[in-house]
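Residue-level structure breakdown
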Protein chains: 2
Amino acid sequence: MRALMELRKKILSGDYPGGTRLFEVPLAETLQISRTPVREVMSRLAEEGLLDRLANGGFVVRSFTYADAVDAIELRGVLEGTAARLAAERGVSQAGMDQLGEILARLEACFGGGPDEVDLEAYSEANAKFHAVLVGLSNSSVVQREVERATRLPFASPSAFLSSRTHVAAFRQSLHIAQDQHRSLVAAIAGREGARAEFLAREHARIARKNLEYAVYENPELMLTVPGLVLLNS
Amino acid sequence: MRALMELRKKILSGDYPGGTRLFEVPLAETLQISRTPVREVMSRLAEEGLLDRLANGGFVVRSFTYADAVDAIELRGVLEGTAARLAAERGVSQAGMDQLGEILARLEACFGGGPDEVDLEAYSEANAKFHAVLVGLSNSSVVQREVERATRLPFASPSAFLSSRTHVAAFRQSLHIAQDQHRSLVAAIAGREGARAEFLAREHARIARKNLEYAVYENPELMLTVPGLVLLNS
DNA sequence: CAGGACTGCTTTGTATACACGGGACTTGGC
DNA sequence: GCCAAGTCCCGTGTATACAAAGCAGTCCTG
């Protein structure tokens, strides 16, 4: 199934702009496989939300506007917020809280002495872990499934603007605020404050929205380096 | 693609209980088609959330617990709530509000003179329309897409407990409350009250949760007549 | 000149045959 | 007697050939 990764990569790197119809025969030649696995691959990418099924068969690369990206981020916030609220309402075991605390400490350790000094690589990894664990603590496989789904769109992922290739001051500075929200979120869950946890998670996601806004309007060359932003059309 | 509908129907009617692994060859014989379209069908049902992909290939019928159903309903409420909030925040055109008002009136007309007299058939149809239009008014294709997805699980659908086969007093009585919530929801959107709209939509969905609770604990024979409830296992 | 129908091509849908991989069972050796 | 290795079977992955459907372009007719 290397073909799946290959096609996904091509779409994510902008080889096939949004709205491009993908024909089976040429794709089969490009990927050096026959039509049957091509269909399989496209079907999976449709599940991921990267392709749309056409009414009369066939697939097109899904096309995203700036507004869609904003909504996808908002949606991620809503879903993570729900997971956080459920975790708070239903309660989290001591082991779960310990796990969150440990990741929190790992995130903390990524900040160096200087005000602008961050180990982005380590932060990005711990951040992804934090979000994954948080969602798991909702104790709801249904919610977890949908969060993971919403997160699969690269520009909506919690780590979208943390790629090590994007050493942008504006992004780095947001990390202190983000980390404070992480801490507050954990405190809210520990204190069974469902509403607080929910809205902190939402606001947390809106950092990504702000970063997106910055990339699109202030620093357009970032569109090429931040993963997924090439998918944005108009 | 009648095979798709046929297999979906079989799963929804409980022919293949949750956790059942679906093998391609026997399924191909059952459905009277070859393995290739069987794979296609299963792939689509996986997209719908009725099947799960196994790690090493193959599919199993997704298995739902009571808690999963509760969570799926809550999730639907959260997503519809988000749509309602966005509609309120972003504003809805006069034409949109008129459309909502018209459906509201149609719902109203379903209640007869008696306290327990309802044209369930008409109500169910208008109710489905109301929810669809409401979500459309969010003006967000991303949110709309995910609401429709969450709604595809039959027991999480807004019309789950409105099937005409389930003339249960407990369900009918909830309709007056539901209709009041519909009216309030429209008022909230008209008044740009985002938070109110969001939480009304959530609470509205929780009527379904209550009905589910009733079906499972008070009137188990309903499990067989309410569409989708046969999917619930433990 | 315009509209409709027919034909041909392009593209997806379906069937079938073959390849590959994994797991279980059996057999042989220690 | 137990463990390990090999083989066989079951099930999915892949390729290819063929069928059917949709679309467009052209030609014929009114």
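Every value quoted in this text rests on a predicted model; they were computed, and no experiment measured them.

Residues and elements named next belong to chain B. Among the structural elements, His204 can be located in helix α9 (residues 194-217). Overall, the relative accessible area of 8% leaves His204 in the buried class. Engagement of the side chain of His204 in a polar contact is seen with the side chain of His131, the distance being 3.3 Å. Among all residues touching His204, those that are not within four sequence positions of it are His131, Ala178, Gln181 and His182.

Around DNA strand D, the surrounding shell holds 13 residues, and the nearest of these are A:Ser34, A:Thr36, A:Pro37, B:Arg35 and B:Arg39. By atom count, sugar and phosphate contribute 56% of the portion of DNA strand D lying within 4 Å of the protein. One nitrogen or oxygen atom from the side chain of B:Arg35 is found 3.0 Å from a base oxygen belonging to DNA strand D. Of all the secondary structure elements, the ones that give two or more residues to the surface near DNA strand D are α3 (35-48) of chain A together with β1 (21-22) and α3 (35-48) of chain B. Looking at the surface near DNA strand D element by element, the count peaks at three residues for α3(A). Across the surface near DNA strand D, the residue classes tally to five nonpolar, three polar and five charged.

Our next topic: the pattern of salt bridges. Residues and elements named next belong to chain A. Applying the stated rule across the entire model yields 46 salt bridges over all chains. A salt bridge links Arg183 to Asp180, with the shortest nitrogen-to-oxygen separation between them at 3.5 Å. On the criterion of helical spacing, the pair formed by Arg183 and Asp180 is a turn pair, its members being three residues apart in helix α8 (residues 169-190). A residue is classified by how much of its surface remains accessible, and Asp180, at 39% relative accessible area, is partly exposed. Arg196 is paired through a salt bridge with Glu193; the nearest N and O atoms lie 2.8 Å apart. For Arg196, a relative accessible area of 37% corresponds to the partly exposed category. Overall, the relative accessible area of 34% leaves Glu193 in the partly exposed class.

Right, let's talk about the sheet that holds strand β2 (residues 51-53) of chain B for a bit. Taken together, three strands build an open sheet; the order of strands is β1-β3-β2 (chain B) and the sheet is antiparallel. Edge positions in the sheet fall to β1 and β2 of chain B, since each has one partner strand and no second.

Quick look at the protein's contact with DNA strand C now. With respect to spatial proximity, 13 residues lie near DNA strand C, and among them A:Arg35, A:Arg39, B:Ser34, B:Thr36 and B:Pro37 are the closest. Across the atoms of DNA strand C situated within 4 Å of the protein, the share located in sugar and phosphate is 58%. Here A:Arg35 contributes a side-chain N or O atom positioned 2.9 Å from a base oxygen of DNA strand C. Backbone polar atom of B:Ser34 to a phosphate oxygen of DNA strand C: 2.6 Å apart, as the coordinates give it. Elements represented by at least two residues in the surface near DNA strand C include exactly β1 (21-22) and α3 of chain A together with α3 of chain B. The biggest single contributor to the surface near DNA strand C is α3(B), with three residues. Along the lines of polarity and charge, the residues of the surface near DNA strand C split into five nonpolar, three polar and five charged.

Next up on the list: the sheet that holds strand β2 (residues 51-53) of chain A. All names here are of chain A. Pairing within the open sheet is antiparallel, and its three strands lie in the order β1-β3-β2. In the strand order of this sheet, the two ends are held by β1 and β2, each with one partner. Across two bridges, β1 lies against strand β3 (residues 59-61) in antiparallel orientation. Its bridge partner being in β3, Leu22 is matched across the sheet by Phe59. Taken strand by strand, α3 contacts β1, β2 and β3, and its axis lies near 105° from that of β2.

Grouped together as the largest cluster of nonpolar side chains are 99 residues, with contacts concentrated most on A:Phe155 and B:Phe155. Counting residues per element, this core draws most heavily on helix α4 (residues 66-90) of chain B, which supplies nine residues. Ignoring sequence-local partners within four residues, the contact set of A:Phe155 consists of A:Phe64, A:Ala69, A:Ala72, A:Ile73, A:Ala160, A:Phe161, A:Pro227, A:Gly228, A:Leu229, A:Leu231 and A:Leu232.

Before going further, it helps to spend a moment on the packing of aromatic side chains. For any pair of aromatic rings, the description rests on two quantities: the centre-to-centre distance and the angle between the ring planes. Residues and elements named next belong to chain A. Using the criterion set out here, one finds six aromatic pairs over all chains in the structure. Judged by centre distance (5.0 Å) and plane angle (75°), the rings of Phe64 and Phe155 are edge-to-face. Here Phe155 lies in the loop between α7 (141-151) and α8 and Phe64 lies in the loop between β3 and α4 (66-90), a separation of 91 residues in the sequence. For Phe155, a relative accessible area of 1% translates into the label buried.

Taken together, the contact pairs 33 residues of chain A with 32 residues of chain B. Around 2800 Å² of area is buried between chain A and chain B when both sides are counted, 43% of it from carbon and sulfur atoms. At the boundary of chain A with chain B, the tally comes to 14 salt bridges. Note that A:Arg145 is salt-bridged to B:Asp52, the shortest N-O span being 3.0 Å. Inspection of the region where chain A meets chain B yields 19 residue pairs in polar contact (both at pLDDT 80 or more). Elements represented by at least two residues in the side of chain A that touches chain B include exactly α3, β2, α4, α7 and α9 (194-217) of chain A. For the side of chain A that touches chain B, the element with the most residues is α4(A), which contributes 10 residues. In the side of chain A that touches chain B, the residues fall into nine nonpolar, six polar and 18 charged.

What counts as what
Residues numbered from 1 in each chain as written. Chains lettered and ligands numbered in written order. Predicted model: local features only at pLDDT ≥ 70, side-chain atom pairs only at ≥ 80, totals over all residues. Heavy atoms only, no water. Helix = DSSP H or I, 4+ residues; strand = E, 2+ residues; numbered from the N terminus. Buried < 20%, exposed > 50% of the residue type's maximum accessible area, 1.4 Å probe, protein only. Polar contact = N/O pair within 3.5 Å; in protein donor to acceptor, adjacent residues only side chain to side chain. Contact = heavy atoms within 4.5 Å. Near = heavy atom within 4 Å. Nonpolar A, V, L, I, M, F, W, Y, C, P; charged D, E, K, R; others polar. Salt bridge = Lys/Arg side-chain N within 4 Å of Asp/Glu carboxyl O. Pairing = 2+ DSSP bridges. Axes fitted to C-alpha atoms, helices over the stretch in contact; angles between N-to-C directions. Core = buried A, V, L, I, M, F, W, Y, C linked by side-chain atoms within 4.5 Å. Phe/Tyr/Trp six-rings, centres within 6.5 Å; stacked < 30°, edge-to-face > 60°. Buried area = accessible area lost by both parts, 1.4 Å probe.

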